[in-house]
Amino acid sequence: HYALAYLEKVVEPTKAGFSSIVAAIEHIYLINNTVRSGSARLLYDWLCDTEFDERFRVDNIEANGLAGIPGAIARSWRLLASSEYLGPELDRWTDAKRAAYFVRELYGEYTQEWHPRYDDLGVTISERWTDRARAEEFVGVLRRDQQEEDSRMQTYNAEHGTAGHE
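Residues numbered from 1 in each chain as written. Predicted model: local features only at pLDDT ≥ 70, side-chain atom pairs only at ≥ 80, totals over all residues. Heavy atoms only, no water.

Right, let's talk about the overall build of the protein for a bit. A count of helical and extended segments in the protein gives 9 helices and 0 strands. Going from N to C terminus, the protein has its helices and strands arranged as α-α-α-α-α-α-α-α-α. For the protein, with 166 residues in total, the buried portion stands at 42%. In the structure as shown, the protein presents an accessible area of about 9300 Å², 51% of it carried by carbon and sulfur atoms. (Helix = DSSP H or I, 4+ residues; strand = E, 2+ residues; numbered from the N terminus. Buried < 20%, exposed > 50% of the residue type's maximum accessible area, 1.4 Å probe, protein only. Areas by Shrake-Rupley, 256 points an atom, 1.4 Å probe, with all protein chains shown as cover.)

This is the structure we're talking about:
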């Protein structure tokens, strides 16, 4: 909560502020892999608490409830994964693999409302990247992650006799 309160005081609630947070997260990943834990969720919390884009505001999400598929919170996660938000910011990261790990952390650890396929997520986020080789590397990492997750789910389902989840 202290980190979020700090960000709300020092980062302008604008698209530029969002950009600066995503850039700072890359530096967190460069410094220390153990420190990065929670940085992905902090970004989402900042988006929900600031007012520069009402589509992320918590009161707007709560007012709309979770009706519909995938629900208001899930729609905000989907918006974050768009080429409008994470796309251009992660295109600026120096390492496509690191950007993919960030996306995996963000969507693998923190989203219960909307859990997309990582390979589809990679394609969506990188659809406007100028360096197509980096975009393919980014998507490739997320595609491998998805294949591993699919394999784990198949093994689990075989051992427990249950149907998989999407």
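A few words now on the side chain of Asp-145. The residue Asp-145 is located in helix α9 (residues 132-160) in this model. Those residues in contact with Asp-145, other than ones at most four positions away along the chain, are Arg-104 and Tyr-118. (Contact = heavy atoms within 4.5 Å.)

Take the pattern of salt bridges next. Across all of its chains, the model carries 8 salt bridges by this definition. For Arg-98, the salt bridge is made with Asp-95, and the minimal N-O distance between the two is 3.7 Å. For Arg-98, a relative accessible area of 18% puts it in the buried group. Among the residues examined, Asp-95 registers a relative accessible area of 25% and is labelled partly exposed. Residues joined by salt bridges that share partners form a network here, namely Lys-15, Glu-89 and Arg-92. (Salt bridge = Lys/Arg side-chain N within 4 Å of Asp/Glu carboxyl O.)

Moving on, we come to the confidence of the model for the protein. Low-confidence regions, as indicated by low pLDDT, have predicted coordinates that should not be scrutinised in detail. Residues of the protein with pLDDT of at least 70 account for 77%, and the chain-wide mean is 79. Confidence over residues 64-70 falls short of pLDDT 50; this stretch has 10 contacts with residues more than four positions distant or in other chains. (pLDDT = per-residue confidence, 0-100.)

It is worth spelling out the nonpolar core at this point. Of all hydrophobic cores here, the largest spans 38 residues; its most connected members are Leu-80, Leu-86, Leu-90, Phe-102, Tyr-107 and Phe-138. Contributing elements (two or more residues each) for this core: α1 (2-10), α2 (15-31), α3 (39-49), α5 (72-80), α6 (86-91), α7 (96-109), α8 (118-126) and α9. If sequence neighbours within four positions are ignored, Leu-90 has contacts with Val-22, Ala-99, Phe-102, Val-103, Ile-125, Trp-129, Arg-134 and Phe-138. (Core = buried A, V, L, I, M, F, W, Y, C linked by side-chain atoms within 4.5 Å.)

Here we take up the packing of α2 against α3. The N-to-C vectors of α2 and α3 enclose an angle of 170°; their axes lie 10 Å apart at closest approach. Taken together, the axes of α2 and α3 are roughly antiparallel relative to one another. Contacts between α2 and α3 involve Gly-17, Phe-18, Ile-21, Val-22, Ile-25, Ile-28 and Tyr-29 from the former and Ser-39, Leu-43, Trp-46 and Leu-47 from the latter. Here the contact of α2 with α3 is built from residues that sort into 9 nonpolar, 2 polar and no charged. (Axes fitted to C-alpha atoms, helices over the stretch in contact; angles between N-to-C directions. Parallel < 35°, antiparallel > 145°, perpendicular 65-115°, else oblique. Nonpolar A, V, L, I, M, F, W, Y, C, P; charged D, E, K, R; others polar.)

Before going further, it helps to examine the packing of α8 against α9. Two elements in contact, α8 and α9, have axes whose closest approach is 7 Å; the angle formed by their N-to-C orientations is 160°. Taken together, the axes of α8 and α9 lie roughly antiparallel to each other. Between α8 and α9 lies a crossing of right-handed hand. Residue-level contacts link Tyr-118, Asp-119, Gly-122, Val-123, Ile-125 and Ser-126 of α8 to Arg-132, Ala-135, Phe-138, Val-139, Leu-142, Arg-143, Asp-145, Gln-146 and Glu-149 of α9. (Left-handed = near helix turned anticlockwise from the far one by under 90°.)

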